[in-house]
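Listed below are the residues making up each chain.
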Amino acid sequence: MLRGDVMEDLVLYAVDYARGAGATYAEARYHRNSLRSIVSNNGLILGVGSEVVEGIGIRVVVGGALGFSATNRLERSSIKAAVDRAIAQAKNALRLMKHPVELAESRLGRAKYSVLEAKRFDSLSFEEKAGFHSELWKALSRSIGEAKASALFVEYVESFEEKAVANSDGAFIESRVPRIALFYNLVITHPQKGSIQRWETLGASGGLEWLDKWGLINKLEEDAKTYEKILLTAIEPPKDPIDLVIGSEIVGLMVHESCGHPSEADRILGREAAQAGKSFIKKGMAGENIGNENATVIDDPSIPGSYGFYLYDDEGVPAKPRYLYKEGVINEHLHNRWTAKIYGVESNAAARSMDYKSEPIVRMANTYLKPGNYRLEELIEDVELGVYVKSYMEWNIDDERWSQRYVGLEAYLIERGEIKDFVRNPALEITTGGFYSNIDAVGREVKFYAGTCGKGEPPQGVPVWFGGPDVRLRKVRLGVSVA
Amino acid sequence: MNEELLRISEDLVKRASVEGFNESAALSINTRRTMLKIANSEPSVIQHWNSLSVITYLAKDRRIIIMEFHPRDESEIYKSMADLLKVAAKVMESPLYAPLPEPIEVKPLEGLVDREVIERLEEPSTLAEVAIEAAHREKIDSVAGTIDLWYREKALSTSSGVSLHEDSTGFQAYLRAFAEPSGSGQWSTCSTRLNSRGVEEAALTAAKYAVESRYREKVEVGKYDVIMSPMVFGNLLELTVRMASAFNVLMGLSMFMGRKPGDKVASDKLRVFDEPRNTELPRATSFDDEGVPTHNKAVIDGGVLKTLLHNSKTASKMGATTTGNAGWISPAPWNITVGRGGYSLDEMIGGVKRGILVTNNWYTRLQNYVEGVFSTVSRDAVFLIENGKVTKSIEKIRMADRLPNILNNIEALGKEAYNIMWWEVTIPSKLPYVLIKDVSVTKPTL
């Protein structure tokens, strides 16, 4: 990490030089991502990783064209060259521009903030962290009886994201966010029954305190027993329409995919049309119905400990909760200052960039369905015949975010209000309107799940949480899982 | 710059030895890249990168450490190296460990650098103009896309005596056209060399499919014979060839787990190659990350799995020889090509009684890599084929099936191959349209 004064000097130099060279708007972001990782297979450490991605990203608006340039050579001459390049290329593109890029007026921050680890990364020795991997493998292996634990791939990552953002409209934000993440893939096989596979990500901002909160060794033991039972005993799900209780993990993913993404204003305006696609939401649709009164989805970057945590976005705008769908109505989109200008609103601080090489674009942070009043038992007790799907394996959604599919992993038959046998691979294939219009009851407890959300070109993966309570839908026909 | 890059790599290897590592390799890559994005038939942003990345492999008593830096200077890498040596003492031996290979003479590849690509790094907007103009020759409403150009210099040094450098250029373009009501089409191209005509053709194909796919009608779910465009087949084949990486097989992330070279894994008609020495495709390279000379190879030939992709580590672990596909940890394909068949697209359509032509897809996800169970969503033009003719444009569909079924049910391959590279096909691929029997097609039930 550069010293604070050096960092400040570099970004302010870039902004001032760009303004002097003809940019009507200039922004510079010193951005350093550093991480340490330990990768294992079946408890054996394959290797250790160390990564530092550090440099400066510069954006300019010149005569209505937008240029971006990035370099990791941090002397003034390289930064000057990067600014000159961004300006020259924006000028070249001007003749093809039809709608000049303009940014909305915004209340911009001048602030420094830092997330503190309750338990620092160095409070556990390397041996203890490496030992954790073999403990996980032992936990998985000892929990399996008749089947076999075939593979457990684990990647443990501790990281810091440090930034200094300055722009010609007066923003100056310095930030430091530590994060911890565990990615794992397990495979359980049986000679006659086939295999079951589970990918999972755990992630948060903060330090090693999350390892205690996650209790992964116990979780893996319990999960492994469950997965083995699924492999050995699960039955086909009902073919007729049934009541469906969807677990918070899937609800979280659903609101991310079918509310968060289609609410990105840049997507609605077509800026990502050739990559991540467009949106079923068109400009002017705010205020229209998308579901019933149970459909309220919030995206909030400021949730303490969240994987997608930030207090100011990469344009210097202060973060706040965004109510994307509110009681069944398309309410508010995710905006940066460019989309806010077109919509005639204020930016709600959705501009994020993955690293110094990435332009800030409209992103989610932590997206969740607003909780209701039901306990899980209450969601289930009056279901005559149904399925409770707690976790998923495969999912996808079309590029306008309307037709989506989730194939359940841990799923149970519900008969006369009681949870019964496991069911195998129930496929929920549903439209966005179908989901939000048919939420019949909403659980009271919100749980969050971690993910890396992809968007942009070159692709940018940014950490997010998605979550929600369990919900119930009535009379849903489950789809085909696989031929 | 090459000498300077090579010096960085060599200095790192020397330093690693001084610090006490038994083995090391350093790969320094300097990239100049310009990308122009188009949205609503105008540029949305022009991005430029000038960056140096240095990736270092370190081994100490069979322990493995990988460092990746975008360094502001080398002192930071040295400091981290010293820290990591302390860590190395505490790591258990890696089950993947094998010594770095000794140097083998590398025959350089000619024609990897196109001066025109380097020149256009400064001024890509004329290519954008070509794309926008060509797409609008059809009655479309708008076009979006990406023009991406790069010049990459890489220098590799290893403690076993490898000292190599190589320069290359690359270019990819993809365009997506929109025509109301609800029509859209997408196509792509790529090469080591600038190909303005390729950009124009990609734009024209995207626009043609956009116009033809307007006025979509519903389609029933069920089994269909599906003609996949090179965009779609390229996406599924990239997944397939990545699963042929021996590392993915070892990690339980492959449908080739439990299979071995010589096993039948696909239709007799399928021939798939990894072609690092095909200088038409932009990941062409003469040496891999271990300094092993690359060679073109069949991965699947006549439906038979011919080889997994290996580096020296996976090869040692599995009793094979390296295929020149390192990745120090995970081997990967360089460029993917598919042996052509004998049919034109029209002839292929003519042979289908009830089928679907899918021109593009995205969001392919697997529920189980070992069994290859996946689904993928169509985007852009989809057409119903009845009795040998395209009869209507249809709404988006989802294909939900098993990759082994897809590979085994290949019925026919086109005689023309297309260079494809875009968001969902990240390994440059050259492949034709393909006809696949009995693919499961689904759609939402609510």
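Keep in mind the model is a prediction, meaning the values are calculated, not measured.

Colleague: Is there a simple way to think about unusual backbone geometry in this case?
Modeller: Excluding glycine, residues mostly carry a negative phi; peptide bonds, for their part, are mostly trans. That bond from E457 of chain A to P458 of chain A is cis: its omega, 0°, falls within 30 degrees of zero. If you trace the backbone, P458 of chain A turns up in the loop between β22 (447-455) and β23 (460-468). Of the consecutive residues E180 of chain B and P181 of chain B, the connecting peptide bond is found in the cis state with omega at 0°. With phi around 50°, K475 of chain A is a residue other than glycine that occupies positive phi space. In this fold, K475 of chain A is placed in strand β24 (residues 471-476). Even without being glycine, R62 of chain B reaches a positive phi, approximately 70°. Looking at where R62 of chain B falls in the secondary structure, it is placed in the loop between β2 (42-60) and β3 (63-70).

Colleague: When you look at the domain arrangement of chain B in this model, what are you seeing that I'm missing?
Modeller: How big an interface is tends to be stated in terms of the accessible area lost upon association of its parts. Residues and elements named next belong to chain B. The domain boundaries assigned to chain B delineate domain 1 (2-210) and domain 2 (218-446). For domain 1 and domain 2, the distance between their C-alpha centroids amounts to 23 Å. Residue-level contacts link 37 residues of domain 1 with 31 residues of domain 2. Elements supplying a minimum of two residues to the side of domain 1 that touches domain 2: β1 (23-39), β4 (142-158), β5 (163-179) and β6 (183-191). Of the residues assigned to the side of domain 1 that touches domain 2, the class counts are 23 nonpolar, twelve polar and two charged.

Colleague: Whenever I open this one, the interface of chain A and chain B confuses me. Can you help?
Modeller: Listed per partner, the contact involves 74 residues of chain A and 80 residues of chain B. With twelve residues, the top contributor of residues to the side of chain A that touches chain B is strand β2 (residues 44-62) of chain A. Of the residues belonging to the side of chain A that touches chain B, the class tally is 33 nonpolar, 26 polar and 15 charged. Pairing geometry for strand β3 (residues 65-71) of chain A and β2 of chain B, over five bridges, is parallel. Note that in β2 of chain B the partner of A70 of chain A across the bridge is W49 of chain B.

Colleague: What is the right way to look at the sheet that holds strand β11 (residues 336-338) of chain B in this model?
Modeller: Sheet strands pair by backbone hydrogen bonding; their relative direction is either parallel or antiparallel. Residues and elements named next belong to chain B. As summarised here, the arrangement of the six strands in space is β10-β9-β8-β11-β20-β19, forming an open sheet in which the pairing is mixed. Pairing within the sheet leaves two strands with one partner each, and these edge strands are β10 (304-305) and β19 (418-422). With two bridges connecting them, strand β9 (residues 297-301) and β10 associate as antiparallel partners. Looking across to β10, one finds that D301 is bridged to V304.

Colleague: Explain the sheet that holds strand β18 (residues 411-415) of chain A to me, please; I cannot follow it from the model alone.
Modeller: Residues and elements named next belong to chain A. With respect to topology, six strands assemble into an open sheet ordered β19-β18-β15-β8-β24-β21, the strand pairing being mixed. Each having just a single partner strand, β19 (418-422) and β21 (439-442) make up the two edges of the open sheet. Pairwise comparison of adjacent strand axes, ignoring direction, gives a mean angle of 30° for this sheet. Two strands pair when backbone bridges link them, and β18 and β19 are joined in this way by three bridges, in the antiparallel orientation. Bridged to Y412 within β19 is F422.

Colleague: Would you take a moment to explain the nonpolar core for this structure?
Modeller: The tendency in soluble globular proteins is for nonpolar side chains to be buried as a group. Membership of the largest hydrophobic core comes to 296 residues, with the highest contact counts inside it found for A14 and V387 of chain A together with A131, A135, V143, L175 and A206 of chain B. At ten residues, the largest contribution of residues to this core is made by β2 of chain A. Apart from the residues within four sequence positions on either side, L175 of chain B is in contact with A274 of chain A together with A131, A135, V143, G145, Q186, W187, A202, A203 and A206 of chain B.

Colleague: How do you make sense of the domain arrangement of chain A when you look at a structure like this?
Modeller: Residue and element names in this part refer to chain A. Segmenting chain A into domains produces domain 1 (4-36 + 50-113), domain 2 (121-161 + 176-233) and domain 3 (242-476). Between the C-alpha centres of domain 2 and domain 3 the distance comes to 25 Å. Every element with two or more residues in the side of domain 2 that touches domain 3 is listed here: β6 (172-190), β7 (194-205) and α5 (216-233). Broken down by element, the side of domain 2 that touches domain 3 gets its largest block of residues, seven residues, from β7.

Colleague: Is there a simple way to explain the environment of G388 of chain B in this structure?
Modeller: Residues and elements named next belong to chain B. Among the secondary structure elements, G388 is positioned in the loop between β15 (382-386) and β16 (389-393). Given 15 C-beta atoms within a 10 Å radius, G388 is considered partly exposed. Along the sequence, G388 and I349 sit 39 residues apart, while their C-alpha atoms lie 5.4 Å from each other. With residues up to four places along the chain from it excluded, the contact list for G388 reads I349, G350, G351 and V352.

Calculation criteria
- The numbering scheme is per chain: residues are counted from 1 as the chain's sequence reads.
- By the order in which they are written, chains take letters starting at A while ligands take numbers starting at 1.
- Selection of residues for local features in this predicted model requires a pLDDT of at least 70, selection of side-chain atom pairs for listing and counting requires 80 or more, and totals for whole chains, interfaces and linings are taken over all residues.
- Numbering of helices and strands starts at the N terminus; helices are DSSP runs of H or I of at least 4 residues and strands are runs of E of at least 2.
- Segmentation into domains, and thus their bounds, comes from an automatic or database assignment.
- The contact rule is simple: place each C-beta atom from the backbone, and if two of them lie within 7 Å, those residues are in contact.
- Amino acid classes used here: Ala, Val, Leu, Ile, Met, Phe, Trp, Tyr, Cys and Pro are nonpolar; Asp, Glu, Lys and Arg are charged; the rest, including Gly, are polar.
- Note on pairing: two strands pair once DSSP finds at least 2 bridges between them.
- A fitted line through C-alpha atoms serves as each axis, taken over the contacting stretch for helices, and the angle formed by two N-to-C directions is quoted from 0 to 180°.
- Nonpolar cores are identified as sets of buried Ala, Val, Leu, Ile, Met, Phe, Trp, Tyr and Cys residues joined via C-beta atoms within 7 Å.
- With C-beta atoms placed from the backbone, the exposure class of a residue follows from how many other C-beta atoms lie within 10 Å of its own: 20 or more, buried; 12 or fewer, exposed; in between, partly exposed.

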